[in-house]
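# Chains, contacts and geometry: an overview
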Number of protein chains: 6
Amino acid sequence: MRQKFYWQDKPEGCNEAVWRYEANPILKMNHSPKIARLFNSATLVTDDKIVGIFRGDMPDCTPALFYGESKDGINWDIDDSGIKIFEKDGTPFIYEYAYDPRLTKIDDDYYIIFCADVVGPSLYIVRTKDFKYYEKLANGFLPYNRNGVLFPRKFDDKYLFLSRPSDTGHTPCGDIYISESRDLEYWGNHKLLMTAPYKKSYWQRLKIGAGPIPIETDDCWILIYHGVNSTCNGLVYSMGVALLDKDDPSKVLARGRRYLMTPETDYECMGFVPNVVFPCSALCDDEGHITIYYGSADTTLSIAFTTVNELKKFARENND
Amino acid sequence: MRQKFYWQDKPEGCNEAVWRYEANPILKMNHSPKIARLFNSATLVTDDKIVGIFRGDMPDCTPALFYGESKDGINWDIDDSGIKIFEKDGTPFIYEYAYDPRLTKIDDDYYIIFCADVVGPSLYIVRTKDFKYYEKLANGFLPYNRNGVLFPRKFDDKYLFLSRPSDTGHTPCGDIYISESRDLEYWGNHKLLMTAPYKKSYWQRLKIGAGPIPIETDDCWILIYHGVNSTCNGLVYSMGVALLDKDDPSKVLARGRRYLMTPETDYECMGFVPNVVFPCSALCDDEGHITIYYGSADTTLSIAFTTVNELKKFARENND
Amino acid sequence: MRQKFYWQDKPEGCNEAVWRYEANPILKMNHSPKIARLFNSATLVTDDKIVGIFRGDMPDCTPALFYGESKDGINWDIDDSGIKIFEKDGTPFIYEYAYDPRLTKIDDDYYIIFCADVVGPSLYIVRTKDFKYYEKLANGFLPYNRNGVLFPRKFDDKYLFLSRPSDTGHTPCGDIYISESRDLEYWGNHKLLMTAPYKKSYWQRLKIGAGPIPIETDDCWILIYHGVNSTCNGLVYSMGVALLDKDDPSKVLARGRRYLMTPETDYECMGFVPNVVFPCSALCDDEGHITIYYGSADTTLSIAFTTVNELKKFARENND
Amino acid sequence: MRQKFYWQDKPEGCNEAVWRYEANPILKMNHSPKIARLFNSATLVTDDKIVGIFRGDMPDCTPALFYGESKDGINWDIDDSGIKIFEKDGTPFIYEYAYDPRLTKIDDDYYIIFCADVVGPSLYIVRTKDFKYYEKLANGFLPYNRNGVLFPRKFDDKYLFLSRPSDTGHTPCGDIYISESRDLEYWGNHKLLMTAPYKKSYWQRLKIGAGPIPIETDDCWILIYHGVNSTCNGLVYSMGVALLDKDDPSKVLARGRRYLMTPETDYECMGFVPNVVFPCSALCDDEGHITIYYGSADTTLSIAFTTVNELKKFARENND
Amino acid sequence: MRQKFYWQDKPEGCNEAVWRYEANPILKMNHSPKIARLFNSATLVTDDKIVGIFRGDMPDCTPALFYGESKDGINWDIDDSGIKIFEKDGTPFIYEYAYDPRLTKIDDDYYIIFCADVVGPSLYIVRTKDFKYYEKLANGFLPYNRNGVLFPRKFDDKYLFLSRPSDTGHTPCGDIYISESRDLEYWGNHKLLMTAPYKKSYWQRLKIGAGPIPIETDDCWILIYHGVNSTCNGLVYSMGVALLDKDDPSKVLARGRRYLMTPETDYECMGFVPNVVFPCSALCDDEGHITIYYGSADTTLSIAFTTVNELKKFARENND
Amino acid sequence: MRQKFYWQDKPEGCNEAVWRYEANPILKMNHSPKIARLFNSATLVTDDKIVGIFRGDMPDCTPALFYGESKDGINWDIDDSGIKIFEKDGTPFIYEYAYDPRLTKIDDDYYIIFCADVVGPSLYIVRTKDFKYYEKLANGFLPYNRNGVLFPRKFDDKYLFLSRPSDTGHTPCGDIYISESRDLEYWGNHKLLMTAPYKKSYWQRLKIGAGPIPIETDDCWILIYHGVNSTCNGLVYSMGVALLDKDDPSKVLARGRRYLMTPETDYECMGFVPNVVFPCSALCDDEGHITIYYGSADTTLSIAFTTVNELKKFARENND
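First things first, this report covers the structure right here in the doc.

Criteria and thresholds
- Residues numbered from 1 in each chain as written.
- Chains lettered and ligands numbered in written order.
- Predicted model: local features only at pLDDT ≥ 70, side-chain atom pairs only at ≥ 80, totals over all residues.
- Heavy atoms only, no water.
- Least-squares fit on C-alpha atoms with pLDDT ≥ 70 in both.
- Contact = heavy atoms within 4.5 Å.
- Helix = DSSP H or I, 4+ residues; strand = E, 2+ residues; numbered from the N terminus.
- Buried < 20%, exposed > 50% of the residue type's maximum accessible area, 1.4 Å probe, protein only.
- Polar contact = N/O pair within 3.5 Å; in protein donor to acceptor, adjacent residues only side chain to side chain.
- Phe/Tyr/Trp six-rings, centres within 6.5 Å; stacked < 30°, edge-to-face > 60°.
- Lys NZ or Arg CZ within 6 Å of the ring centre and 35° of its normal.
- Pairing = 2+ DSSP bridges.
- Buried area = accessible area lost by both parts, 1.4 Å probe.
- Salt bridge = Lys/Arg side-chain N within 4 Å of Asp/Glu carboxyl O.
- Nonpolar A, V, L, I, M, F, W, Y, C, P; charged D, E, K, R; others polar.

A few words on the relation of the copies chain E and chain C. Taken as rigid bodies, chain E and chain C are interconverted by a rotation of 119° and an axial shift of 0.1 Å, the fit giving an RMSD of 0.1 Å. Here the transformation between the copies is reduced to the relation of a three-fold axis. Residue by residue, only 9% of the interface of chain E is reproduced at the interface of chain C, so the copies engage with different surfaces.

Given below as structure tokens:
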């Protein structure tokens, strides 16, 4: 029997496709003396628990990756010593900082995808079987790239991967590409999946990036992603959704012109980077209940609830 | 008898010339499924009601214009289908998005002035008799221009218009100009009215723009406007006031060196664009009561109260 | 009999539509102690001579306008005292500096159009009957605008005008608009004529601006204009040509995808602003001989030759 | 007996080296009709009271300096007429605006150091004996410089001074230098003390600046300073601490890699410049109790508490 | 017997490792009516002739690729119709523009590597057997990337490739990476080869990019590359040299701190992009004679001469 | 008897106050294998020869300082090993690079002032008696500062110094300040001498910097300086002149609104940094003959001639 995670019914009178947890944020500032802010986080249900890889910014503001476990997806036991990553030859993987992880499982292995700064922001894939030993695969992607997301299964004999190539800094641009590989290390046949300026959809005008590992359903993949708008007072990060073809995810079936969620609450509008909701993972059970984990204002970790049907309906109805 | 609108007496102990409504904002986020944020709004008293043209940003973040009605100026019935505008030949007026309306009446016609992006931000004038059919006049202004305000009567045989020509983007500069026309379509004799850097008045150092339709009084016009300051964390929009000559509004009689109102409250300092108060209309009755409608943080609609005498006194006392 | 101007036959073996004068530049640096550089210049054939309005940058680098006369269009007698301009009420027109003139005649009056910096770069129209008294018309155009060009006759009862609205500085963008007026002072019905990014025509990718007064032919108007490309080492100004409808010049009949002339010679590639050819006038006689006057490197004045037929053929053959 | 100032014990369960006053901010917006915001402030304990020099931004947003007195350091009586400064020849010192004061006493004189804009931001030293007559010393520092801090005693026959030379605007860079003088007017032997990019300490990556007058202890000087990080939504100002050699403060003994305090509360994260904590003074008694005064969001004045031992321990433990 | 190409002995008194052809440039502006400027060019010796793939900018300034043949490497017969490229399924490869080719042969196939703008500048590999039919391989590299160079043989079963990932525009940064593939379509194991800021070597401070196909010698590979410096008047492109390990070219054996050649002559310092020398190919015979082809000022094609021994000596002597 | 230096009479028909040497440049590119470009140079007449400190950019583009000697000021014997500078304690002075020297003699010592990059561009003063041992004085100036010029005698007991504080990079701004010292190490009483935007004098609009050591005459000091204008294709450096009060050089008696010399020739308009004339020294004999040494295009060293009377007359006649 699968592990259960926390989920709430849609509140009375709510017309939105996604609804916030009333006790947000679930992880607040100063989680421990070693971690000042925990926010963009990758969670996954296993047989006996829920595991997570967390971006934690330390009190010197260095971003790093941490491992945690939970019984319900809300109360977390986080190891604040930070995960250690090794090259395939057993030497430590050396980097400036690491952030914005995603987490999935293929066959018997867990894969963490994250961005690290070695020579500019780049994407790396790390394999683990036990969340104790973490092995980095050979560099499959050139800098500069962010928001890497691996599909949770092969398509024939190929892995698929989403990423957002762009530049070295606070990236003023960026589209989502889809890439193929037979071995997770040599990648090619890259294609443009979705562009940032999209119709008159201003919330996703500046740049976009894939969010959680896509959710497979009976007739399509659900891709939750973030889109960014630029105002005279900085960037606003919102959350959106698209549907991809079940057999060939390089085909976009539907893409929501509206945002799913935009910063509205105090904990999203105020903090280290105001006006940010940044989804990195989503739990989904057999009945289609979905709990989305998203960073709020680059300061705290929050969750929101939805269902497979809500997201499909939203993407299709807003696909004009 | 003229329609009454909501107004509150000055609170005990208040030393300011303008005081906020205690139940602000009057229109909150997610007003309807089709409108995410209603903020910069143009209201006008008619014989039997108060009408308004609203900037509403839709859930894809496209700004558009909406029509609404109210009995008291606080509770609004807004048609969320959006107004449709036609060229003089009956074809639809095609534009990317529209925002920041102003509204006035001359003779038997209502005029809406707003900014739309066709080939860069430009000002357009629309005429309606019934708020059902909206006809756009020929393009009277070149891009790039914003914050257009039409005086509510002719001066001899000429219409007068305020605008802020500038550039294509988030406008790092801008002064207010005054222009003339005999037919609302061909404009000329443009003159500089007020400049943005003004003495040591840093709140209006970067740029300024006319706000509500000017209010005619027995001895002058009251011009409420916005001024913008630049900090290392973005722009701050405040509200100020100037007095213009009754017969020749191209003459500035007095201009407040101090701001009338600057962002102070949660709903002004936090939101889609933090630190913005942006006035677009003001209702005034025969006794000189004034209710100002202003966008707060580009997220909600708020109001504040004052009187003709307060504004005149403020502008004259701060005219040093 | 009309005044003749200097013109040369096309050299043997030349395949270009325009050919340079072999003794370019015709006006060199340090023309007089009061004028350091004479370059962007507006010439016109009158009954008994050729007249010119010249941009001259003085030894403090201030641009100003000067008047000159010539018998052949090559040897010029220039009055280095600078022209003085008056408002309609007889008071002097006060401005920071003035540059890039165009010159035409309608009925009995000569009109000079130029850019001056009063409150940012703006276009002004000046009328003279005798090149002694210069009267400025009321401001017909808002800032920020450059490269204003007046058609040399009315269309029914309307004047037509080309301009390039843009911004305050070294203008990183700009398209050509066409405007109408009944009186040269009140302008309206502005329409976009030609955009800067044009197909895969990179020499005119960044911005464009009308050059000489358009040349009327039996079946169209010839518009010579400049286009600008941006390289990592600055801007490159080239010259191009378009054909406009004879009765309604807001219709573009043909537009050359290729440039007519691009900086190639020492005097075009080296100087105060390298890599600039900037046409401001063109003389044309009854037999279709054309002499184009263009500023070279913002340092000297050069000329090039062509014919009506060459330009028409070039525009049409390159209109793909 | 020395004047007592307000101080609070460390709350139960607090693990931080510095703890906020629970009733922050101690000075709120609109302190008086003449002062809109009081924030970056320099306080000092004298025999019979606590005195302060305050940055107050007036309702036209001009920053200026004000004098105030207090019995407890929390409740302040502030003279809102602004201090007047004179050159040594008795003429008024003319400047655009003044801000960010520091205050110390050497021998019988009080010294105020502040930044003023005369020809770009520059540091000035003012001497007063009575907080009634303020005399400016000869210009000892060239523009462009900010955050000047004078040590409260001589070292042999020399004064020592910290400053942050940089540029004209919102300073995208800056390190702390230490300088010497025999007479407070002629300065030299400048040395680099601490740089802004510091190990993997991102909160102080962009620029740093000395805060309060350094606190002398039995074995070192405690230097509280601010560090700045840049996000896609603007700058974040945090507070840090370093220990300097008691006899030769140009030697850094320890420097905290972690921040002491970063914006977390509403009054720090929201306001005229969000996400700013900016310390300008610290009171310290014989028992090592310390009250830090810091500007919060460039909008209000707040305080926080610590001790000499806490700061020393923090700097040394985080000196890796 | 191998085809001979033009080469000149080192002039008397010359102390440089590389010497220019005295009759430079070999291809001047306006080569044909269809090609305005031919400059960055890839040449290769075949059995019976010398072939070349040329970047030609057309008179609308669109860069494109052209094929040419020569008997001596100086006099070229260029087909100005432009090469046509096909996808593997036979459909045409659609792109905005193409530039900066390199050319090599592996086994029986020729490979052209170039940059094209489809969705931002990206690298593409094209295969041809006869310079008549050109087939593009599947996209092996994500945007944004430039200066792709393929090694002319396999290393065990792997191809090696140099590239410079960077950004969308005039690239203000860039290092050289080395990548591996088994099939020329799926690439991975990317490693940083050389960085742009290199010691106190300011001519290669801003960015670098591989130039000609590396030259294999008895004990190493010779890599000629370009380095870029930034001045207040734009970029300066110079030429440098490094030596790579014969068996594992990811190891740099020596790298010249000095430039090999920097813009000095008229045809290098003046033109469409002044101050550019940009090498794209080098012919080398069995005796070690080398003729380097380099674009001069993005306007003309020039050559320079050297030898294998000169380059090795230069790289080693300047490797401090 | 004093050493003679090369000087030429004013050519026939020349109306300028300064005339170029007909055989310019006197030092060309590639002066020696160790020095690629010699340009901004400081010369001084001694009893038996003319000495010079030269900025030489090496073939890796690092700027450094070199010593040279000459009999006539035109033919130079330059030691290409570079000068070595020591701290007062005998340890070597460590810096990234050094450039733009000035040279003067006070009493028995020679002083070199130059800019070096240690922690950003800063000014340093070096003393030598014999051009063999160079001793750096204590740091008298904070970064960021350039174009330091020391007056060649004391005023009462004080040294005077000109400098241009600005910022870290290619300085988009800058005015000249004058500072005082009693010991050349502790500096103060800084005053603004001349600002960059100066009337309508556009050639010196962006920034200015002192050039040669000021020349003392019977009634004033002659200050030759450079001024910079910004065009869309980069900066243009011209040369100007001002007259300072003989007893109190902080008083400007006259300042030329026109430039003295602007880039006109091939060797000034073309090179590493096009359009630069940059004077760093001027020799003057008892009869008032003056030879100015100036860097041309940051590539070569050129000279120009004038007289004391020409410069005085020019400054006074253009002081309107």
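For the rest of this paragraph, the subject is the side chain of E:Thr262. Inspection of the secondary structure puts E:Thr262 in the loop between strand E19 (252-255) and helix H1 (266-269). Residue class for E:Thr262 comes out buried when judged on its relative accessible area of 2%. Of the polar contacts made by the side chain of E:Thr262, one reaches the side chain of E:Ser238; its length is 2.8 Å. Contact partners of E:Thr262, with chain neighbours within four places excluded, come to E:Arg20, E:Val236, E:Ser238, E:Glu268 and F:Met29.

Within the structure shown, the criterion is met by 139 aromatic pairs over all chains. A ring pair is formed by C:Phe161 and C:Trp187, whose centres lie 5.2 Å apart and whose planes are at 50°; its orientation type is tilted. Residue C:Phe161 is located in strand E12 (residues 159-165), and its partner C:Trp187 is located in strand E14 (residues 186-194); the two are separated by 26 residues in the primary sequence. Residue C:Phe161 is classed as buried on the basis of its relative accessible area, which comes to 0%. Judged by its relative accessible area of 0%, C:Trp187 is buried. Note on E:Tyr237 and E:Phe278: the rings are 6.1 Å apart at their centroids and 55° apart in plane angle, and the pair reads as tilted. Of the two residues, E:Tyr237 is situated in strand E18 (residues 234-245) and E:Phe278 in strand E20 (residues 277-284); the sequence distance between them amounts to 41 residues. No difference in accessibility class separates E:Tyr237 from E:Phe278, as the two residues are buried. Members of the aromatic cluster, connected to one another through ring pairs, are A:Tyr67, A:Tyr110, A:Phe131 and A:Tyr134. Its end group placed over the ring of B:Phe155, B:Arg153 keeps NZ or CZ at 4.3 Å from the ring centre. Residue placement shows F:Arg255 over the ring face of F:Tyr198; its charged tip is 3.8 Å from the ring centre.

Here we come to the sheet that holds strand E10 (residues 134-136) of chain E. Residue and element names in this part refer to chain E. Read from one edge to the other, the open sheet built from five strands follows the order E6-E10-E9-E8-E7, with strand pairing classed as mixed. Because the sheet does not close on itself, it has two edges, and the strands there are strand E6 (85-86) and strand E7 (98-106). Relative to E10, E6 runs parallel, the two sharing two bridges. From the neighbouring strand, Phe-86 faces E10, where its bridge partner is Glu-135.

All right, on to the relation of the copies chain F and chain D then. Mapping chain F onto chain D leaves a residual RMSD of 0.0 Å; the transformation is a rotation of 180° accompanied by 0.0 Å of translation along its axis. In short, the pair behaves as if placed about a two-fold rotation axis. Residue by residue, 100% of the interface of chain F is reproduced at the interface of chain D, so both copies engage with the same surface.

Facing 29 residues of chain F, the contacting portion of chain D comprises 29 residues. Both faces considered, chain F and chain D share a buried interface measuring about 2200 Å² in area, 58% of it formed by carbon and sulfur atoms. Three residues stand out in chain F for area buried against chain D, namely F:Leu142, F:Tyr186 and F:His190, and they jointly supply 32% of the buried area on that side. The tally of links from chain F across to chain D stands at one salt bridge. The shortest N-O distance in the salt bridge between D:Asp183 and F:Arg182 comes to 4.0 Å. Looking at the side of chain F that touches chain D, the element that brings in the most residues is strand E14 (residues 186-194) of chain F, giving six residues.

Attention now moves to the environment of B:Ala36. Examined against the element boundaries, B:Ala36 turns out to sit in the loop between strand E1 (19-20) and strand E2 (37-45). Not counting the four nearest positions on each side in its chain, B:Ala36 is found in contact with A:Tyr259, B:Met29, B:Asn30, B:His31, B:Asp57, B:Met58 and B:Pro59.

This part takes up the interface of chain E and chain C. Each side of the interface is counted separately: chain E has 23 residues, and chain C has 20 residues. Regarding the contact of chain E and chain C, the summed buried area is about 2000 Å², with carbon and sulfur atoms giving 54% of it. Taken together, the connections running from chain E to chain C amount to 10 residue pairs in polar contact (both at pLDDT 80 or more). Grouping the constituent residues of the side of chain E that touches chain C by class yields 15 nonpolar, six polar and two charged.

The analysis is restricted to geometry; functional conclusions fall outside its scope.
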